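Descriptive analysis of the structure
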Amino acid sequence: MILIRKKSAIPEFHFVRKLCVAAIAILVSSDAGAEDDLMKAARRTFKPIPSVVPAVKDNPVTHDKIELGKMLFFDPRMSASGIISCNTCHNLGAGGVDAGPTSVGHGWQLGPRRAPTVYNAVFNVAQFWDGRAPDLKTQAKGPVQASAEMNATPEHVINTLNSMSDYVVMFKKAFPSEASPVSFDNFAKSIEAFEAILITPAAPFDQYLEGDPNALNDQQKAGLKLFMETGCSSCHNGINVGGQGYFPFGAVERPSTSLLPTADKGRSAVTKMASDEYVFRAAPLRNVALRPPYFHSGQVWSLKQAVGVMAEVQLGAKLSDKEQNDIVAFLNSLTGQLPKIEYPILPARTETTPLPSTGR
């Protein structure tokens, strides 16, 4: 009897197995390549927030200045009414902004624009929505003197500070080389020094930019890719994911007057140029999920809606529901570690401290 040996399937099995392994390797390599390309593109467009306090031009940031600036930031007696402080409109426990569309100031007056966040403001090219203040110390002087905000004067601030010996001592320590350290300029420099430490590093996106591919989930990576490919990053880029340039609100399609009030001409009030009408500084998007409502008019409470509006009026793009959700997921990855700020015990008022005034 002749035995017929069947051809073994084992070699064929090994061959198929090798093909599968090779195919998987190609897919993994492709995914890894795409991942690497996304990270490289992101690194060309954005920068991580440093973990150290940045240097401030013409104002060395010292411990004594920071401590003094923190006191001043929280002290409502710098205002005429004695009830409004910097923290009133830039609440450090609420994303560095206040609760409403626009801030409520002296005598219950409503401000014309949404208060920008104070967190990471040190990285902006300029301060305010229209960029009228070149730095934080200039910005610190504005709300104090604005009639619709703190409604005070430099004289009121100096008289208030000089009435309390603890403040006089702190100014001498913060500005030891000056004969008369209690001044309105030094008041602003101290607040600037404190605000310079209000940075929020170590967001998941920062960790991703620093080389950790697992810092973002798949949806956040899809949102990042879409954020760049759609064109959002042409205005919102750099270390603060915005805050570095000025752009017309409604580049493609004019928003409704509720979002873009016709009376507020934006940067043209600063430059006196017609071409700057309705031009505003691109909003920095760090910690954006913490601070609704959105836009300078503060009329949009949903981050997803804000994404849809910006895509339409700035880029002429109609994003799908999934695309909006993906970009929102990416924007959530921009929330960093907020510094822990202990509320200061303020110096006690004296008989010479100016009395509060609530009249206009």
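Scope of this entry: the structure provided in the associated data block. (Residues numbered from 1 in each chain as written. Predicted model: local features only at pLDDT ≥ 70, side-chain atom pairs only at ≥ 80, totals over all residues. Heavy atoms only, no water.)

Counting its regular elements, the protein contains 12 helices and 2 strands. Shown N-terminal to C-terminal, the secondary structure of the protein runs as helices and strands in the order α-α-α-α-α-α-α-α-α-β-α-β-α-α. Against the 2.2 N^0.38 benchmark of 21 Å for 360 residues, the protein shows a C-alpha radius of gyration of 27 Å, more extended than a compact globule. The principal-axis extent of the C-alpha atoms belonging to the protein is close to 125 × 45 × 30 Å. Taken over 360 residues, the protein has a buried fraction of 48%. Within the protein, residue pairs in contact and separated by at least 24 positions form 71% of the contacts whose partners lie at least 6 positions apart. When the accessible surface of the protein is split by element, carbon and sulfur atoms take 58% of a total near 18200 Å². Positive and negative side-chain charges in the protein, numbering 36 and 34 respectively, have mean positions lying 5 Å apart. (Helix = DSSP H or I, 4+ residues; strand = E, 2+ residues; numbered from the N terminus. Rg over C-alpha atoms; globule rule 2.2 N^0.38 Å. Buried < 20%, exposed > 50% of the residue type's maximum accessible area, 1.4 Å probe, protein only. Contact = heavy atoms within 4.5 Å. Areas by Shrake-Rupley, 256 points an atom, 1.4 Å probe, with all protein chains shown as cover. Lys, Arg positive; Asp, Glu negative; His and termini not counted. Charge placed at Lys NZ, Arg CZ, Asp CG, Glu CD.)

Each α-helix winds once per 3.6 residues, and so residues spaced three or four apart point in a common direction. Listing the buried residues of helix H5 (residues 154–162) in full gives His 156, Val 157, Ile 158, Thr 160 and Leu 161. The secondary structure elements touched by the buried residues of H5 are helix H2 (63–74), helix H4 (136–145), helix H6 (165–174) and helix H7 (184–196).

So, on to the state of the cysteines. The full count for this structure, using the stated rule, is 0 disulfides. No disulfide involves Cys 89; its sulfur sits 8.8 Å from that of Cys 86, the nearest cysteine. Under the relative-accessibility criterion, Cys 89 is labelled buried at 12%. Left without a disulfide partner, Cys 232 is nearest to the cysteine sulfur of Cys 235, which lies 8.9 Å away. (Disulfide = S-S within 2.5 Å.)

Looking now at a nonpolar patch on the surface. On the surface, Val 104, Trp 108 and Leu 110 cluster together into a nonpolar patch covering about 390 Å² of accessible area. Its location among the elements puts Trp 108 in the loop between helix H3 (86–89) and H4. (Patch = residues over 30% accessible without salt bridge, like charges linked within 9 Å, V, L, I, M, F, W, Y side chains within 5 Å. Salt bridge = Lys/Arg side-chain N within 4 Å of Asp/Glu carboxyl O.)

With that settled, the discussion passes to the nonpolar core. Note on soluble globular proteins: their nonpolar side chains tend to be buried together. Core analysis: the biggest nonpolar cluster contains 40 residues, and Phe 46, Phe 205, Tyr 208, Leu 224, Phe 227 and Leu 331 have the highest contact counts within it. Looking at this core, the elements that each hand over two or more residues are helix H1 (10–45), helix H8 (204–209), helix H9 (218–230), helix H11 (303–315) and helix H12 (321–332). If one sorts the elements of this core by residue count, H11 sits on top with 6 residues. The residues touching Phe 205, leaving out its near neighbours within four places in the chain, are Phe 46, Leu 216, Leu 224, Phe 330, Ser 333 and Leu 334. In this structure, Met 78, Val 144, Met 150 and Val 182 belong to the second largest nonpolar core, which totals 33 residues. (Core = buried A, V, L, I, M, F, W, Y, C linked by side-chain atoms within 4.5 Å.)

Before going further, it helps to spend a moment on the pattern of salt bridges. Taken as a whole and judged by the stated rule, the model has 16 salt bridges. Linking Arg 114 and Asp 98 is a salt bridge whose minimum nitrogen-to-oxygen distance equals 2.9 Å. Here Arg 114, found in the loop between H3 and H4, pairs with Asp 98, found in the loop between H3 and H4; they are 16 residues apart in sequence, far enough to count as distant. Residue Glu 229 pairs with Lys 225 through a salt bridge whose shortest N-O separation is 2.7 Å. Remark: Lys 225 and Glu 229 occur in helix H9; sequence separation between them is 4 residues, near one turn of the helix. Connected through shared salt-bridge partners, Arg 113, Asp 130, Arg 132 and Asp 264 make up one network.

Turning to the side chain of Glu 195, a few remarks are in order. With respect to the helices, strands and loops of the structure, Glu 195 is situated in helix H7. Lys 137 provides the closest opposite charge to the buried, salt-bridge-free Glu 195, at an N-O distance of 11 Å. Glu 195 has contacts with Phe 73, Val 118, Leu 136 and Gln 139, leaving out every residue within four places of it along the chain.

Under the criterion given, the structure shown has 10 aromatic pairs. With 5.3 Å between their ring centres and 35° between their planes, Phe 249 and Phe 295 make a pair best called tilted. Separated by 46 residues along the polypeptide, Phe 249 in the loop between strand S1 (246–248) and helix H10 (268–271) and Phe 295 in the loop between strand S2 (279–281) and H11 bring together distant segments of the chain. Exposure remark for Phe 295: the relative accessible area of 12% places this residue in the buried category. An aromatic cluster of at least three residues, connected via ring pairs, comprises Phe 46, Phe 205, Phe 227 and Phe 330. When the ring centre of Phe 128 is taken as reference, the NZ or CZ atom of Arg 132 above it lies at 3.7 Å. Over the ring of Tyr 278 we find Arg 254, and its NZ or CZ is 4.4 Å from the ring centre. (Phe/Tyr/Trp six-rings, centres within 6.5 Å; stacked < 30°, edge-to-face > 60°. Lys NZ or Arg CZ within 6 Å of the ring centre and 35° of its normal.)

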